[in-house]
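# Descriptive analysis of the structure
Here is what each chain is made of, one letter per residue.
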Amino acid sequence: MIDMLKPAVIIFTLLSILTGIIYPLVVTGIAQVAFPSKANGSIVVKDGRAVGSELIGQSFTDPKYFWGRPSATTGFPDNAMASGGSNLGPTNPALADAVKARAAALIAADPGNRLPVPVDLLTASGSGLDPHISPAAAMYQAGRVARLRGLSEDKVKELISRNTEERWLGLLGEERVNVLKLNLELDTIGR
Amino acid sequence: MSGQGWIQIGLYFIVLFALIKPLGAYMARVYQGERNFLTPVISPVEKLIYLLAGINAEEEMDWKRYAKVLLVFNFLGFLAVYGLQRFQAHLPLNPAGMSAVSPDSSFNTAMSFITNTNWQGYSGESTMSYLTQMLGLTVQNFLSAATGMAALVALIRGFARHSTKNIGNFWTDMVKTTLYILIPLSLVFSIVLVSQGVVQTFSKPKTATLVQTTKDDKGNTVTEQVIPVGPVASQIAIKQLGTNGGGFFNANSAHPFENPTPLTDFLEMLAILLIPGGLCYTFGVMVGDKRQGWAILAAMTIILVMFLAVTEWAEHQNNPMVARGAAEAGQTVAGLSSAAGLPAGNMEGKEVRFGITNSALWATATTATSNGSVNSMHDSFMPLGGLAPLLLIHLGEVVFGGVGSGLYGMLVFVIIAVFVAGLMVGRTPEYLGKKVEALEMKMASLVILIPVFIILVGTAIAVVTPAGIAGASNPGPHGYSEILYAFSSFGGNNGSAFAGINADTPFYNTAGGIIMYFGRYFIAIPILAIAGNLAGKKKVPVSAGTLPTHTPLFIGWLISVILIVAALSFFPALALGPIVEHLMM
């Protein structure tokens, strides 16, 4: 037993140092030099103040902003300290109730809009921090935002397409609109 | 599914298969002690480790000694992870000031990470200090993966050798796996991840002023967003490559800091199957017949594609509760058709950047292997979309499977397939020139039966005890499915969950920890026993009576055996959960 324990302890310790200390330190060193902004959370700064991360969604409920994905995080929506989904199953009536409330909120903010609602505006994201909506979900809200900000709908649609991220090489993933970046850009031009 | 979806899935398999041969050949060189392009850099470190540990790298072990040192080594890992969690408040690298983790949760997490399960009862961003994440969890991401690969290589030697007691040296297998395979791959992969936005820093959580203030559930105004960061990329790389699956954050690879772009998603999915696929080729090289490795890889791929089709189909359906909720508000849901820029299907619990296609693909890959990471919430999948991942776990995670553990599980199914075929035609079963006899069959039966037993008995106990029932968060059969999934994940060392289950309780932490232990070591030990017994046998020359094990006929036979065993074992349990839920819908 003792003859096993000595190599076990030494090899365990050495491999722990290699994989648990040296490896993450080396990665951190390279990351901080090569990709400092990304390695530190892709923080967006406006007027010298951090206003969020490009990659972490924020909750928007004011009708003059574009709204993001519904979030099921605990405490408050898009709580970055409590990532997670709703975990409501497909036969759980609580899911229908949540969707009903979201659909009602959308119609209350824009009573004239009878277009079918894109499904990503009615369903909670997996992380609760999804920074994106689909282009269809942005277009669905374009009329409302344009009206409340006194902008032409074409201008708002142009902003949407400027903030639309394509599939990687036109192949991977889905087209998407970054809600925080879109709203920040809106704030710089509109009321 | 859209044309775009088909292209992405096609591309995934093309890139995977392009990488399997070079990686497999490289790993074979490593395990056979041949020089490779990393030898000049790594060999001095390797030799230094052997020197400090006082071991003779040439000295080999019989299967009993191999199994003993494996258990001792893994127990040290358990002590380290448990201790780090309990004492993290008094240790350095704790900028967010995390307090000690409870004893039952620490026990569960320690078991979870040494067994390559990586079930997360805890929420990473609010529980673990950076030191615990790195020195506890990241280390076990490496060492549990290396343990599985070491046991596999021992089994392969059992097939490849003859008339010897020895199946290799556990220490050198561990050190070589870690130094030559896992660290280099992880190093490259983590830098790529950072380039896309995965965070890697030791600073404390970032604070940002919200663009629009919001209200919390107590009615207080929230003006700030606290954004957790940490040494994430280095952990995510090995979490994916080592079929570990334990994320840095609660939302795992659905979290934008773990998986920010479609490219990282593609690469992280690729990493899940990469080493398990490559090991099939390594196996072929080491037993001196590459066709055998390709045949097994073919069987794995066919099963994977079958299950992928089910998941993709199910998740591209519309969620009936979403349609109902919208209708109650007088609205209709767009997304019944797949127009450009519009997600079509069950988006609850999924991220826009991945869409339905990549979420279903990930769910299939992560449960076919023992990875268990998620990029979408399986709990919110359609009933049949959740059935496929669950059943993949029930197959024994032999479809690619965990690194090492997947292929050794698959080789047990090969032994059973050969045996049953032998019974049918009245010939002595043999595989790779080794006769399959009583001991192999006894051990193979244990490997098949132990997971079935612990999963079903665990589920049964949970559904008749208040503490077990209390875990379910959804009503009806779906709540039962959550419990079944949890125990399947424990027993299969998977780590994914129907995550609505409230499993951070003494009951689930304790039961889960024990089941994960059995699901890992009570499989690995019979595997090593088979290895030792096979190594001692003589090679039987191929004759006209030998059943060829590389033909399409055998591949089909092997697939049938796997599916029949799983169906017989788990159909009743599945009928009560996802199947009845689908019929109710």
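See the structure above.
Our subject in this report is the structure included herewith. (Residues numbered from 1 in each chain as written. Chains lettered and ligands numbered in written order. Predicted model: local features only at pLDDT ≥ 70, side-chain atom pairs only at ≥ 80, totals over all residues. Heavy atoms only, no water.)

## Side note on the overall build of chain A
- From N to C terminus, chain A includes six helices and six strands.
- A globule of 191 residues ought to have a C-alpha radius of gyration of about 16 Å, yet chain A, at 22 Å, is considerably larger.
- Projecting the C-alpha coordinates of chain A onto the three principal axes gives extents of approximately 80 × 45 × 35 Å.
- Looking at chain A as a whole, 57% of its 191 residues are labelled buried.
- Looking at chain A alone, contacts between residues at least 24 apart form 57% of all its contacts between residues at least 6 apart.
- A total of about 7,200 Å² of accessible surface is found on chain A, and carbon and sulfur atoms cover 62% of it.
- Placing the 19 positive and 18 negative side-chain charges of chain A at their respective mean positions leaves the two points 4 Å apart. (Helix = DSSP H or I, 4+ residues; strand = E, 2+ residues; numbered from the N terminus. Rg over C-alpha atoms; globule rule 2.2 N^0.38 Å. Buried < 20%, exposed > 50% of the residue type's maximum accessible area, 1.4 Å probe, protein only. Contact = heavy atoms within 4.5 Å. Areas by Shrake-Rupley, 256 points an atom, 1.4 Å probe, with all protein chains shown as cover. Lys, Arg positive; Asp, Glu negative; His and termini not counted. Charge placed at Lys NZ, Arg CZ, Asp CG, Glu CD.)

## Some details on the overall build of chain B
- If you tally the helices and strands in chain B, you get 19 helices and seven strands.
- A compact globule built from 585 residues should have a C-alpha radius of gyration of about 25 Å, and chain B, at 24 Å, falls within 12% of that.
- With the C-alpha coordinates aligned to their principal axes, the bounding extent of chain B is approximately 75 × 55 × 45 Å.
- For chain B, buried positions account for 66% of its 585 residues.
- Long-range contacts, defined as pairs at least 24 residues apart, comprise 79% of the intrachain contacts of chain B with a sequence gap of at least 6.
- When the accessible surface of chain B is summed, it comes to about 18,500 Å², and 68% of that surface belongs to carbon and sulfur atoms.
- For chain B, the separation between the mean place of its 30 positive charges and that of its 29 negative charges on side chains is 12 Å.

## Some points on the sheet that holds strand S5 (residues 164–165) of chain A
All names here are of chain A.
- With antiparallel pairing, the three strands of this open sheet are ordered in space as S4-S6-S5. Sheet topology places strand S4 (132–133) and S5 at the edges, where each strand pairs with a single neighbour.
- As paired elements, S5 and strand S6 (residues 176–178) share two bridges and run antiparallel to each other. Residue pairing across strands places Glu165 opposite Arg176, the latter belonging to S6. (Pairing = 2+ DSSP bridges.)

## Here's the deal with the pairing of strand S1 (residues 43–46) of chain A
- As paired strands, S1(A) and strand S2 (residues 49–53) of chain A are joined by four bridges and run antiparallel to one another. In the strand pairing of S2(A), Ile43(A) is matched with Ser53(A).

## Some remarks on unusual backbone geometry
Residue and element names in this part refer to chain B.
- Positive phi outside glycine occurs at Phe400, with the angle close to 65 degrees.
- Note on placement: Phe400 falls in the loop between helix H13 (383–394) and helix H14 (405–425).
- At Asn493, a position not held by glycine, the phi torsion is positive, near 55 degrees.
- Along the chain, Asn493 turns up in the loop between helix H17 (477–491) and helix H18 (506–535).

## Some points on the packing of aromatic side chains
Residues and elements named next belong to chain A.
- One pass over the structure, following the stated rule, counts 27 aromatic pairs over all chains.
- Sitting over the ring of Trp67, Arg144 keeps its end group 4.6 Å from the ring centre.
- Here the basic side chain of Arg149 rests over the ring of Tyr65, its NZ or CZ set 5.0 Å away from the ring centre. (Phe/Tyr/Trp six-rings, centres within 6.5 Å; stacked < 30°, edge-to-face > 60°. Lys NZ or Arg CZ within 6 Å of the ring centre and 35° of its normal.)

## A few points about the interface of chain A and chain B
- Taken residue by residue, the interface counts 111 residues in chain A and 119 residues in chain B.
- When the two sides are added together, the surface that chain A and chain B hide from each other amounts to roughly 9,300 Å², 67% of it contributed by carbon and sulfur.
- Residue Arg353(B) is joined to Asp130(A) by a salt bridge in which the shortest nitrogen-to-oxygen separation is 3.9 Å.
- Among the secondary structure elements, those contributing two or more residues to the side of chain A that touches chain B are helix H1 (2–34), helix H2 (36–39), S2, helix H3 (93–109), strand S3 (117–118), S4, helix H4 (135–149) and helix H6 (179–189) of chain A.
- Per-element tally for the side of chain A that touches chain B: the top contributor is H1(A), with 26 residues.
- Among the residues making up the side of chain A that touches chain B, the classes are represented as 60 nonpolar, 33 polar and 18 charged.
- Relative to strand S5 (residues 333–334) of chain B, S3(A) is paired through two bridges, and the arrangement is parallel. (Buried area = accessible area lost by both parts, 1.4 Å probe. Salt bridge = Lys/Arg side-chain N within 4 Å of Asp/Glu carboxyl O. Nonpolar A, V, L, I, M, F, W, Y, C, P; charged D, E, K, R; others polar.)

## Points about helix H7 (residues 170–196) of chain B
Residues and elements named next belong to chain B.
- Look at H7: 37 Å from first C-alpha to last across 27 residues, which is about the 39 Å you get at 1.5 Å a residue.
- Among the 27 residues that make up H7, 22 are buried, leaving the element largely enclosed by the rest of the structure.
- For H7, the side-chain oxygen to backbone nitrogen distance between the N-cap and Trp171 is 2.8 Å, and the N-cap itself is Asn169.
- Backbone geometry just after H7 places Gly197 at a positive phi near 120 degrees. (Expected span 1.5 Å × (residues − 1). Polar contact = N/O pair within 3.5 Å; in protein donor to acceptor, adjacent residues only side chain to side chain.)

## Things to note about the side chain of Thr549(B)
Residues and elements named next belong to chain B.
- Within the fold, Thr549 resides in the loop between H18 and helix H19 (552–584).
- Judged by relative accessible area, Thr549 falls into the buried class, the value being 7%.
- Among the polar contacts made by the side chain of Thr549, one reaches the side chain of Gln292 at a distance of 2.7 Å.
- Sequence-distant contacts of Thr549, defined by excluding residues within four places in its chain, comprise Gln292, Ala295, Val418, Tyr431 and Phe554.

## What about the environment of Leu182(A)?
All names here are of chain A.
- Of note, Leu182 is situated in helix H6.
- Measuring from C-alpha to C-alpha, the distance between Leu182 and Arg162 comes to 8.6 Å, with 20 residues separating the pair along the chain.
- Beyond its immediate stretch of four places on either side in the chain, Leu182 contacts Phe66, Leu159, Ile160, Asn163 and Val177.

## Topic: the pattern of salt bridges
Residues and elements named next belong to chain B.
- Scanning all chains against the criterion turns up 23 salt bridges over all chains.
- One salt bridge in this structure joins Asp173 and Arg157, with 2.8 Å as the shortest N-O distance. In this pair, Asp173 sits in helix H7 while Arg157 sits in helix H6 (residues 130–160), placing the two residues 16 residues apart along the sequence. An identical accessibility class is assigned to Asp173 and Arg157; each is buried.

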